[in-house]
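Residue-level structural notes
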Amino acid sequence: MTAFRHRFDPTSLREYDIRGIVGKTLKPEDAFAIGRCFGSIVVRGGGKRVAVGYDGRLHSPELEAQLVAGLRACGLEVCRIGLCATPMLYFAAYDLQADGAAMVTGSHNPPDYNGFKMMIGKKPFYGAQIQEIGRMAAEGDVVPEQAGSDREVDVAERYADRVLQDWDGGDRKLKVVWDPGNGSSGPITRALAARLPGTHFVINGDVDGTFPNHHPDPTVAKNLEQLITEVKREKADLGIAFDGDGDRIGVVDDEGHILFGDQLLVVLARDVLKSKPGGMIIADVKASQVLFDEVAKAGGTPLMWKTGHSLIKAKMAETGSPLAGEMSGHIFFADKWYGFDDAPYSAVRLLGIVARMTEKLSEVRAALPQVINTPELRFNCEEARKFQVVQEVKDRLAAEGAKVQDVDGVRVLTDDGWWLLRASNTQAVLVARCEATSEAGLERLKAQLVKQLVASGLEAPDFSGENAGH
């Protein structure tokens, strides 16, 4: 028997998942190696069963088959969920009492990308754990090969039943447009829409890994144009969009305006805090100050935390937070739910809230304090340099006596508002954002950001993108 050894393209082993371009930085043999190494970790922890699912990308079935082969070679029982949204796999890990789970998905990346999201026990598998897979593969540090087994398990009906168990909107009949973006959440979107009260329209519901209608990333306004058109045409109460694997949500109100991730979290938090007074609501460092202020106003305890779905989930478990969210559209309910990011579940909870409202969703959005902010600005910075730059900026700001929140990069508070600079955990880029209460204030914040970047030898970011007012 040939000893197992494998080397991954180093760019594929990321902070929250394993991801690459299929045929270039990610290949079927990588999938087998992930199964062999991740499976060995599960077995060494006393585990016996792993749940596996895959998204709608054209190469996902082949990668899933190789992943399963690697897990089976560790002697594990593999429960194959099949084509599904990522949160359905997370649910399956609980439902089937699995010791681990692995999802083959490229998430919201272009069609030629794919990757793997994992959980060990009921916790996210990320950071140093992913790097450990690289080490194990290179050294052949795996359990001896033995024959495992696999079986197909359909959890779709149980998942839908469990999601709808928390529907709390009564019998008010909403009109809703859904856009799963030809991603893997299409079938479950149709199933949920068919069982909810009201009138529901599903566009782009067929799973198609070429994403023929638009890119499946609901945080980009361009990708919501089709949904906005349909909401206006149908005079719908709201529109809901999902990303390629259904763990991120985008929302459009009855007027066709986008609710950004932090605005959506305000709506959800106000409702959760009615039954969880004083509850800790967690949001990432990119969220608007409006969110943190509104959570406090609603009787909650706001907590700003690091960007990254795995980091947020871990912080929720640590603090007992009932709800968390990111600007990227990851929403995490631990109130009645399991604490993982689940866009279909979040959608059903939102619909319940809207159905109980006396006002329209657009009126709730318009009543929020209005601020002006830049879109998320991303600019290239060498991997080895990006964290150094942030530290240099932090040091200069400390010397100036600036008011800084440094939970993730630097978020600088001024009388005008705030600006943020942080290093991406997944790419060789720096991320920046500014938010102010006036156009003049925003220009001053941008100037401060540019000054710091230039002082570290970088080019100023491109501010030509239109400012997003919310």
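The name an unreviewed UniProt entry assigns to the protein is Phosphomannomutase/phosphoglucomutase, from the organism Roseomonas alba. In the Cofactor (unreviewed entry) part of its UniProt record, the protein is described as follows: "Mg(2+)". Recorded in UniProt for the protein, the comment headed Sequence similarities (unreviewed entry) runs: "Belongs to the phosphohexose mutase family."

Re the UniProt feature "domain: Alpha-D-phosphohexomutase C-terminal" (unreviewed entry) in the protein
The UniProt record marks residues 376-451 with the feature "domain: Alpha-D-phosphohexomutase C-terminal" (unreviewed entry), using the residue numbering of this structure. Spanning residues 376-451, this segment combines 41% helix with 34% strand, and its end C-alpha atoms are found 18 Å apart.

Comments concerning the sheet that holds strand E11 (residues 249-253)
One open sheet holds the 5 strands; their spatial order is E9-E8-E10-E11-E12, and the pairing between them is mixed. Two strands in the sheet have a free side with no partner beyond their single neighbour: strand E9 (199-202) and strand E12 (258-259). For E11 and E12, the ladder comprises 2 bridges, and the chain directions are antiparallel. Residue pairing for E12: Val252 is matched across the bridge by Ile258.

Points about the sheet that holds strand E16 (residues 331-333)
Taken together, 4 strands build an open sheet; the order of strands is E14-E13-E15-E16 and the sheet is mixed. Whereas interior strands pair on both sides, the edge strands pair on one side only; in this sheet they are strand E14 (301-305) and E16. Shown here is a sheet whose adjacent strand axes are inclined to one another by a mean of 15 degrees, direction ignored. Bridge count between strand E13 (residues 280-284) and E14: 5 bridges; the pairing is parallel.

Considering the pattern of salt bridges
Going through the model one piece at a time under the given rule, you end up with 39 salt bridges. A salt bridge links Lys315 to Glu318; the nearest nitrogen and oxygen atoms lie 3.1 Å apart. Of this pair, Lys315 and Glu318 both sit in helix H10 (residues 309-319), 3 residues apart, roughly one helical turn. For Glu318, a relative accessible area of 59% corresponds to the exposed category. The shortest N-O distance in the salt bridge between Glu376 and Arg378 comes to 2.7 Å. Connected through salt bridges with shared partners, the residues Arg44, Glu132, Arg135, Glu139 and Asp141 form a single ionic network.

Quick look at unusual backbone geometry
In the Ramachandran plot, Asn182 falls in the positive-phi region, its phi being about 60 degrees despite a non-glycine side chain. Tracing the backbone shows Asn182 in the loop between strand E8 (175-179) and helix H6 (186-195). The exposure class assigned to Asn182 is buried, which follows from its relative accessible area of 4%. With phi around 75 degrees, Lys336 is a residue other than glycine that occupies positive phi space.

Some points on the pairing of strand E10 (residues 238-242)
Within E10, 5 of the 5 residues are buried, which leaves the element mostly enclosed by the surrounding structure. Judged by which residues are buried, E10 turns out to be covered on both faces: Leu238, Ile240 and Phe242 on one side and Gly239 and Ala241 on the other are all buried. Bridge analysis of E8 against E10 gives 4 bridges, and the strand direction is parallel. Counterpart to Trp178 in the pairing with E10 is Ile240. By the bridge criterion, 5 bridges tie E10 to E11 in an arrangement that is antiparallel. In the sheet register, Phe242 faces E11, and the bridge partner there is Ile249. Two successive antiparallel strands, E10 and E11, enclose a turn made up of 6 residues, where Gly246 displays a positive phi of approximately 75 degrees.

A look at the UniProt feature "domain: Alpha-D-phosphohexomutase alpha/beta/alpha" (unreviewed entry) in the protein
In the numbering used here, UniProt assigns the feature "domain: Alpha-D-phosphohexomutase alpha/beta/alpha" (unreviewed entry) to residues 13-136, 158-256 and 261-370. Helix and strand shares over residues 158-256 are 28% and 19% respectively, and the end C-alpha atoms of the span are 33 Å apart.

Remarks on the pairing of strand E3 (residues 77-83)
For E3, the tally of buried residues reaches 5 of 7 residues, placing the bulk of the element in the interior. In the sheet, strand E2 (residues 49-54) pairs with E3 via 6 bridges, with the strands oriented parallel. Its bridge partner lying in E3, Gly53 is registered against Gly82. A crossover connection joins E2 to the parallel E3 through helix H2 (residues 60-72); in handedness this β-α-β unit is right-handed.

Overview of the nonpolar core
Ile81, Trp178, Leu238, Ile240, Ile249, Leu323 and Leu351 are the most contacted members of the largest nonpolar core, which has 73 residues in total. Among the elements that make up this core, the one with the highest residue count is helix H11 (residues 343-356) (9 residues). Counting residues in each nonpolar core, the second largest holds 32 residues, with Cys74, Val78, Ile130 and Met136 among its members.

Section: helix H7 (residues 225-234)
All buried positions along H7 are accounted for by Leu227, Ile228, Glu230 and Val231. Projected down its long axis, H7 carries its buried residues within an arc of 165 degrees, all on one side. Residues of H7 that are buried in the fold lie against E8, E10, E11 and E12. Following H7 by one or two positions, Lys235 adopts a phi angle in the positive range, close to 50 degrees.

Focus on the packing of helix H13 (residues 383-400) against helix H14 (residues 439-455)
Contact pair H13 / H14: the axes reach a minimum separation of 10 Å and the direction vectors enclose 120 degrees. By the angle class used here, H13 and H14 are oblique. The way H13 lies across H14 gives a crossing that is right-handed. Here Val393, Arg396, Leu397 and Glu400 of H13 come into contact with H14, specifically with Lys451, Gln452 and Ala455.

Some words on the environment of Asp171
Structurally, the position occupied by Asp171 is in the loop between helix H5 (156-165) and E8. Of the residues examined, Asp171 reaches a relative accessible area of 66% and is grouped as exposed. Note: C-alpha distance between Asp171 and Asp245 (74 residues apart in sequence) is 30 Å.

Rules behind the numbers
Counting restarts for each chain, with residues numbered from 1 along the sequence as it is written. The predicted nature of this model means local features are confined to residues of pLDDT at least 70 and side-chain atom pairs, given and counted, to a pLDDT of 80 or more, with totals for whole chains, interfaces and linings taken over all residues. Where side-chain values are given, they derive from all heavy atoms of the structure, hydrogens and water being excluded. UniProt positions are given in the numbering used here, feature names are shortened, and annotations may be inferred rather than shown by experiment. Strands are runs of DSSP state E lasting at least two residues, helices are runs of H or I lasting at least four, and both sets are numbered from the N terminus onward. For two strands to be treated as a pair, DSSP must find no fewer than two bridges joining them. Here an angle of 0 to 180 degrees is reported between the N-to-C directions of two axes, which are lines fitted to C-alpha atoms, with helices fitted over the stretch in contact. Salt bridge, as used here: a side-chain nitrogen of Lys or Arg that lies within 4 Å of a carboxyl oxygen of Asp or Glu. Summary of the burial criterion: residues with accessible area below 20% of their type's maximum are buried, those above 50% are exposed, and those between are partly exposed, where the area comes from a 1.4 Å probe applied to protein chains only. A right-handed crossover is one whose linking path, passing over the helix from the first strand to the second, runs clockwise when the strands point away from the viewer. In this text, buried Ala, Val, Leu, Ile, Met, Phe, Trp, Tyr and Cys residues form a nonpolar core when linked through side-chain atoms within 4.5 Å. Each direction from the helix axis to a C-beta atom contributes to the arc, which is the arc of those directions. Here a residue-residue contact requires only that any non-hydrogen atoms of the pair lie within 4.5 Å. Should an angle lie under 35 degrees it is considered roughly parallel, over 145 roughly antiparallel, and from 65 to 115 roughly perpendicular; all remaining angles are considered oblique. In this scheme, a crossing is called left-handed if the near helix is turned counterclockwise away from the far one by less than a right angle; it is called right-handed if the turn is clockwise.

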